[in-house]
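# Secondary and tertiary structure notes
One letter stands for each residue in the lines below.
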Amino acid sequence: MGTDSITIPRWFDRHLHLRDGDMLRTVLPHTLASQATAAVIMGNLPPPNEISTIVKAIAYRDRIISMLPPGSDFTPIMTCYLTDETAPEDVVSGYKEGVWRAVKLYLARKDGSGGTSHSSRAVKDIRGRYPVFAAMEKEGIPLLGHFESVDPEIDEFDREMICLYLNVIPLHEAFPGLKIVFEHITDNRSAEFVVSAGDNVFATVTAHHLMINRNAMFDGGMNPFKYCKPVPKRDDHRRKVRAIVTAGHPRFGAGTDSAPWDEAAKARGFGCSAGIFTAPAAPELYATVFDEDGALDKLGAFMSVNLAEIYGLEPSKETMTLVRGSFTIPERVGTVRVFKGGEILPWKLVGR
Ligand code: NCD
Ligand code: ZN
Ligand code: ZN
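Residues numbered from 1 in each chain as written. Chains lettered and ligands numbered in written order. Predicted model: local features only at pLDDT ≥ 70, side-chain atom pairs only at ≥ 80, totals over all residues. Heavy atoms only, no water.

On to the sheet that holds strand β3 (residues 38-41). Spatially, β2-β3-β4-β5-β6-β7-β8-β9 is the arrangement adopted by the eight strands of the open sheet, whose pairing is parallel. A single partner strand is all that each edge strand has here, and the edge strands are β2 (13-16) and β9 (252-254). Ignoring which end each strand starts from, the neighbouring axes of this sheet average 30 degrees apart. The pairing of strand β7 (residues 180-182) with strand β8 (residues 201-205) spans three bridges and is parallel. Bridge pairing in β8 links V181 to F202. Taken strand by strand, helix α5 (residues 159-174) contacts β6 (143-145), β7 and β8, and its axis lies near 170 degrees from that of β7. Helix α6 (residues 188-197) rests against β7, β8 and β9 of the sheet, and its axis sits at about 140 degrees to β8. (Pairing = 2+ DSSP bridges. Helix = DSSP H or I, 4+ residues; strand = E, 2+ residues; numbered from the N terminus. Axes fitted to C-alpha atoms, helices over the stretch in contact; angles between N-to-C directions. Contact = heavy atoms within 4.5 Å.)

Turning to the pattern of salt bridges, a few remarks are in order. For the coordinates displayed, the defined rule picks out 22 salt bridges. Between R159 and E156 there is a salt bridge, with its nearest N and O atoms 3.3 Å apart. Since its relative accessible area comes to 24%, E156 is described here as partly exposed. Among the ionic pairs, D187 bridges to R189, the shortest N-O distance being 3.0 Å. (Salt bridge = Lys/Arg side-chain N within 4 Å of Asp/Glu carboxyl O. Buried < 20%, exposed > 50% of the residue type's maximum accessible area, 1.4 Å probe, protein only.)

The protein atoms that coordinate the zinc ion (ligand 3) are H15 (NE2), H17 (NE2) and D257 (OD), at distances spanning 1.9 to 2.1 Å. The site at the zinc ion (ligand 3) holds four donor atoms, and with the angles between them running 91 to 135 degrees, its shape is irregular. Separating the zinc ion (ligand 3) from the zinc ion (ligand 2) is a gap of 3.7 Å. Note on accessibility: H15 and H17 belong to one class, buried. (Donors = N, O, S within 2.8 Å, 3.2 Å for Na, K, Ca; no water. Tetrahedral: all angles 85-135°; square planar, octahedral: opposite > 155°, others 65-115°.)

Here's what the structure looks like:
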């Protein structure tokens, strides 16, 4: 009963890279076509354009809004890209003025390298940011973290786990009232931490991390289109994270981390950019995962309800419907290759 069609509140994406300029124009329609009401927009534009000030966030929001078709009800939820220079007062005024609804934490090495895409001007001294976190805790401003160690000595596959123990747990202990979102979670230990940490700790989970393990990066030869940060982990991590998600844990929510890169930046022989582009198939990918786990009844909460409150959203009163059928994922959008492009998924969003 009911397994050939599922209707849920319209969803929102808790972690999205829209980029800027021509790329923004190319990828934004795919998030709109996925019937999202809103998305949390990451501000890691290439230096010096990181969205680290109120003025930049307003201008970027306006550029996004200017590309929406007339009548669109899509809300870009802006975030503040935290740097070592960001003042607590500015974080609070941007929040109170309604410019941004959260702060994004990337970590960087002292020499500015490492971390993830466009994080060179991010936080090098997390302890030095404690006054900002204190202000955020007081005001209820969520901290969204790309939590991976940037120490080059640490094994790539252990970077999330090391960051958990060295940074995230101490942060949570120092600011137990601070709302923390563990972005694009991949490691079973961080997922278990989120479960045990209590009401103020949340996680977003990408569709690709629910589907692939680290083998995907090497299958058929090094595959840059399966490379993202955090790198996919061993399959036992994937399975355990996925079990928590599809069991319906209320502090885990859909965040695609859809991260478009020009094919040339992905396919170059050395220095491939990290990021996987899922926006053109996100609801179908998530529905496929929940269906495989016999958990379609939990899809609506994961995609459309969980974490809404911390971003100041109400779950949508409108609905979206997915039906069993066949949906061929487009190979490319412009010059960007889509995750699993060309493959057929057993769920299709009605209205595509
Ligand atoms: C993201 C990007 O390309 O902006 N890349 C990625 O591999 N996830 C950055 C990020 O979310 O860490
Ligand atoms: Zn990230
Ligand atoms: Zn991201």
